Every structure is written in C-alpha cells, then in structure tokens.
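The chain contents come next:
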Amino acid sequence: MGHEGKKIRHIDYKTMPIFDESDPQENNRLYRLVNRLHMNTRSKVVRTQLLFREGDLLEINNIFESERILRSRNYLTNAYIIPTVICSDAVDLMVVTQDSWSLEPQFSLRKESEGTKSGFAIADGNIFGSGNSFTVGYEENSQRNLVHYEFKNPHVFNSQIATRLYYADTSDGKNTIVDISHPSIH
C-alpha cells in the first residue's frame, strides 16, 4: 500500500451479496431469491474482527491479518481492505466482504457393527447476519437417540473471545458443553 504510518481517518463497510446480479451467469430467479432471503453480515460484526480502528496509525500487517481473519470465517467467501481517499497524513479505508450461503441441511446414515446410525440437522452459520451459528439436530442409533442444539459465537461482546454452547437431550440423559476460547495471534 505504501501508506504505512498515516492516520486512519474513516472506515467504510461494503457487504456484497452471495450472488452478483450484474453477472449474467448469476442473474436468474433462483440466485436473486437466495440474495433476498439471505441477511448479509452486519458491518458491526465485521468491524469487531478488525485489528485497527479509526484514529489508529495504519500498519500494513494489521490490514493483511484483518483480511485473513475475515476470510477465515465460514460465512464470508471473500474479504479485502482498500484505501478510498489518500491524503498526505491520513487515509480512508473500505472493508469489502462477500457473504456466502450459510443455511445448510445435514443428513447422515451409517452402518456400524452395533447397528445403523442416522441423523439430520439444520444449521445456519450466520444467524440474522450476526456471524453467530446455530444448529439443531436429531440422531438415532441402536443404543440411544438425541436432540441437540449448538450455538457458536466467534466474537463474544465484540471481542476476539469465542464461545460454543452445546446441549443434548438424550434417551439416557443430558449432555451440556460450554467452551470459551481466545485465539492466539502470532
């Protein structure tokens, strides 16, 4: 970029839809419907994952690492950060992200020595554009059946702390998992 050390004056956010309707290959009824049904990731969700803020001095490594963090999210297919206004001592940035389809049905059927194991679930990896994921599912085998719920938040209270809450109601008891983690940044 060549703008290292300039003050970050302003940051804009642009979220591109799943399908690009200006592309004739992606401009059809199904893709337009998907774009309308999907809630794009909110700007504040993206903002919380950046390693810089307005008023900071621009560090190129923080730009590259922020892009990497955003691209690692399953609910985004692409992310990049570009300068939009360049002054002698300041720069304005735009964070551009593209959402991916995050609602997925899950099915499983497996033959094991004890019998057959089957299950189904529905998962949304970006509930209401929040970056949080929620899964509800049902599993059954010869020994038990269970209904399970799982919630994941990769940035609790707009921080770098992630949490996973899991609850399963099984035919032979209950199972609860609470996992809180903080990724190490090198």
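This structure is a prediction, so every number in the text was calculated from the model and none was measured. (Residues numbered from 1 in each chain as written. Predicted model: local features only at pLDDT ≥ 70, side-chain atom pairs only at ≥ 80, totals over all residues. Heavy atoms only, no water.)

Per the secondary structure count, the protein includes three helices and nine strands. Seen in sequence order, the protein has helices and strands lined up from the N terminus as β-α-α-α-β-β-β-β-β-β-β-β. Against the globule reference of 16 Å for 186 residues, the protein gives a C-alpha radius of gyration of 21 Å, more extended than a compact globule. With the C-alpha coordinates aligned to their principal axes, the bounding extent of the protein is approximately 70 × 40 × 25 Å. With 186 residues in all, the protein has 35% of them scored as buried. Nonlocal contacts in the protein, meaning residues at least 24 apart in sequence, comprise 44% of its contacts between residues at least 6 apart. A total accessible area of about 11,400 Å² is found for the protein, and carbon and sulfur atoms account for 53% of it. (Helix = DSSP H or I, 4+ residues; strand = E, 2+ residues; numbered from the N terminus. Rg over C-alpha atoms; globule rule 2.2 N^0.38 Å. Buried < 20%, exposed > 50% of the residue type's maximum accessible area, 1.4 Å probe, protein only. Contact = heavy atoms within 4.5 Å. Areas by Shrake-Rupley, 256 points an atom, 1.4 Å probe, with all protein chains shown as cover.)

Taken together, the side chains of Arg 42, Lys 44, Arg 47 and Arg 53 define a basic patch exposed on the protein surface. Within the secondary structure, Arg 47 is located in helix H2 (residues 43-47). Residue classification places Arg 47 among the partly exposed positions, given a relative accessible area of 37%. (Patch = residues over 30% accessible without salt bridge, like charges linked within 9 Å, V, L, I, M, F, W, Y side chains within 5 Å. Salt bridge = Lys/Arg side-chain N within 4 Å of Asp/Glu carboxyl O. Lys, Arg positive; Asp, Glu negative; His and termini not counted. Charge placed at Lys NZ, Arg CZ, Asp CG, Glu CD.)

Okay, the sheet that holds strand E5 (residues 115-124) next. Two orientations exist for strands paired in a sheet by backbone hydrogen bonds: parallel and antiparallel. An order of E4-E5-E6-E7-E8-E9 is seen for the six strands of this open sheet, with the pairing classed as antiparallel. At either end of the open sheet lies a strand with only one pairing partner, and these are strand E4 (103-112) and strand E9 (173-181). Averaged over all adjacent pairs, the angle separating strand axes in this sheet is 10 degrees, with direction ignored. By the bridge criterion, eight bridges tie strand E7 (residues 145-153) to strand E8 (residues 162-170) in an arrangement that is antiparallel. Within E8, the position partnered with Val 147 by the bridge is Asp 169. (Pairing = 2+ DSSP bridges. Axes fitted to C-alpha atoms, helices over the stretch in contact; angles between N-to-C directions.)

This paragraph deals with a nonpolar patch on the surface. A contiguous nonpolar patch, built from Leu 33, Leu 37, Trp 101, Leu 103 and Ile 122 and spanning about 480 Å² of accessible area, is present on the exposed surface. Residue placement: Leu 33 occurs in helix H1 (residues 29-37).

What follows concerns the packing of aromatic side chains. Two measures describe an aromatic ring pair: the distance that separates the ring centres and the angle between the ring planes. Applying the stated criterion across every chain yields a total of two aromatic pairs. A ring pair is formed by Phe 19 and Tyr 31, whose centres lie 3.9 Å apart and whose planes are at 5 degrees; its orientation type is stacked. Within this pair, whereas Phe 19 is found in the loop between strand E1 (7-16) and H1, its partner Tyr 31 is found in helix H1, the two being separated by twelve residues in sequence. Of the residues examined, Phe 19 reaches a relative accessible area of 18% and is grouped as buried. In this structure Tyr 31 comes out as partly exposed when scored by relative accessible area, which is 25%. Ring geometry for Phe 120 and Tyr 138: centres 5.8 Å apart, planes at 40 degrees, overall tilted. Placement of Phe 120 in strand E5 and of Tyr 138 in strand E6 (residues 133-140) is noted, with a sequence separation of 18 residues between them. (Phe/Tyr/Trp six-rings, centres within 6.5 Å; stacked < 30°, edge-to-face > 60°.)

None of this, on its own, says anything about what the molecule does.
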